[in-house]
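Here is how the chains run, residue by residue.
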Amino acid sequence: MKNKNISIIGVPSDYGQHRRGVDMGPSAIRYAGVVERLEALGYEVLDEGDIQVKKGNLIVEQNNKLLNLNDIIKISTELGNMVENVLNANRFPLVLGGDHSIAIGTLSGLAKRYKNLGVIWYDAHADLNTPETTPSGNIHGMPLAVCLGIGDDRLTEIGGFAPKIKPENIIIIGARSVDPGEKELIRKLGIKVYSMHEIDRLGMTKVMEESISYMLQRQVDGVHLSLDLDAIDPLYTPGVGTPVPGGITYRESHLAMEMLEEANIITSAEFVEVNPILDERNKTADTAVALMGSLFGEKLV
C-alpha cells in the first residue's frame, strides 16, 4: 500500500440482519491484534473508535421488506461522513464491521472522492437483493444493489447522490449462495462474478490475475475491498451469521490478499460479519486480522 497511514473505523451494527452478536465484531478484531499487526508492518495506525450505534431490539421497524431501515440510514450516513473525513486527511480507511449493510455507508463516503471506483466484493453472497426480491427483508443482503442505485430511495440516496458505483467496475469473488433475483440482476447488468465453480476450475491465482487486470483495464481511480468473512469456508471462519459450506480456503484467501498487495491497487477496505457469539475462541477474528496482515504486506518468509 502506498498510503502508510491507516485509520480504523469500527461499526458495531447488527441491524442489517436477524442474528445478534455481529455488533461485537469490531471489538473482537481489535482484541485479535489488528493495530499491533499493522504497526509491526510499518504503518501508522490511528484507531478512530466506533460509530455510535443505538443498542436496542432488532427489527424495531415492522417493514418486512426493509428491516431496521431508519437505524441503517443513520449509521450509514454517519459512516459515510467519517470515511470522507479520513480520505480528506489522506489516510487509508479500514472499516471493521458489523454486518455487511455497513458497506452502504463506506461506499457513500468513498464515492465522494473516487468518481470511477472499483469494488472487489469478496463474499459468499452477491448482496444484490432489493425490496422486491429479498427473501428476508435483511438489508445486509442489499448493499451492493443499493450502491448501484437500485432499491429504496432512502437508501440509494444516502450521501445525497446515486449511484455510488458502476456495475462494470464490480467483481464478486467467492459467490455460492445467490438468490434468483440477484442472478437476474447480475445477467442484466453484466456484473463480473467468480463463483466457487470458477475458483475451483481456474484456481485462485488465475482468478486474482484476471481480477487485477480487469480493474486496471477499467482505469478505476481507486479499488475498495469489501471482505465478508463468510466468503471463506466455515471450517476457518465459524463465527459468521450466514455460513455457507464449500467456500474459499484459508490459504487461497491469503494468496488473494498477497496478490492484491503486490498489485498495489487497494485504496480502502472493510472486513465484516465477524460474530463472536457464534465463534470458536475468536477464530474468525484471528483469521480476519491474519488476512489484513497479508493485504498490507506481511510475508511468510
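Not measured: the values here are computed from a predicted model.

Structural notes on the sheet that holds strand E8 (residues 266-272)
Taken in spatial order, the eight strands of this open sheet run E2-E1-E3-E8-E7-E4-E5-E6, and their pairing is parallel. At either end of the open sheet lies a strand with only one pairing partner, and these are strand E2 (44-50) and strand E6 (192-195). Going across the sheet, the axis of each strand differs from the next one's by a mean of 15 degrees, ignoring polarity. As paired strands, strand E7 (residues 222-228) and E8 are joined by six bridges and run parallel to one another. When the sheet's bridge partners are listed, His224 is paired in E8 with Ser268. Against the sheet, helix H4 (residues 103-110) makes contact with strand E3 (92-97), strand E4 (117-122), E7 and E8, and its axis sits at roughly 160 degrees relative to E4, the strand it touches most.

Details of the packing of helix H3 (residues 69-88) against H4
Between H3 and H4, the least distance of the axes is 7 Å, while the angle of their chain directions is 40 degrees. Considering their axes alone, H3 and H4 lie oblique with respect to each other. In the crossing of H3 with H4, the sense of the turn from one axis to the other is right-handed. Side by side, H3 and H4 meet where Ser76, Leu79, Gly80, Val83, Glu84 and Leu87 of the first sit next to Ile104, Gly105, Thr106, Ser108, Gly109 and Leu110 of the second. In terms of residue class, the contact of H3 with H4 is built from five nonpolar, six polar and one charged.

Some points on the UniProt feature "binding site: Mn(2+)" (unreviewed entry) in the chain
Under the feature "binding site: Mn(2+)" (unreviewed entry), the UniProt entry names His100, Asp123, His125, Asp127, Asp228 and Asp230. Despite a sequence span of 131 residues, these residues sit close together in the fold, their greatest C-alpha distance being 12.3 Å. The exposure class assigned to Asp228 is buried, which follows from its relative accessible area of 2%. Other than its neighbours up to four places away in sequence, Asp228 contacts His100, Tyr122, Asp123, Val272 and Glu273. A distance of 2.9 Å separates the side chain of Asp228 from the backbone nitrogen of Asp230, its partner in a polar contact. If you trace the backbone, Asp230 turns up in the loop between E7 and helix H10 (250-263). Overall, the relative accessible area of 1% leaves Asp230 in the buried class.

Reading guide: rules and limits
- Residues numbered from 1 in each chain as written.
- Predicted model: local features only at pLDDT ≥ 70, side-chain atom pairs only at ≥ 80, totals over all residues.
- Heavy atoms only, no water.
- Pairing = 2+ DSSP bridges.
- Helix = DSSP H or I, 4+ residues; strand = E, 2+ residues; numbered from the N terminus.
- Axes fitted to C-alpha atoms, helices over the stretch in contact; angles between N-to-C directions.
- Contact = heavy atoms within 4.5 Å.
- Parallel < 35°, antiparallel > 145°, perpendicular 65-115°, else oblique.
- Left-handed = near helix turned anticlockwise from the far one by under 90°.
- Nonpolar A, V, L, I, M, F, W, Y, C, P; charged D, E, K, R; others polar.
- UniProt positions renumbered as here; feature names shortened; annotations may be inferred.
- Buried < 20%, exposed > 50% of the residue type's maximum accessible area, 1.4 Å probe, protein only.
- Polar contact = N/O pair within 3.5 Å; in protein donor to acceptor, adjacent residues only side chain to side chain.

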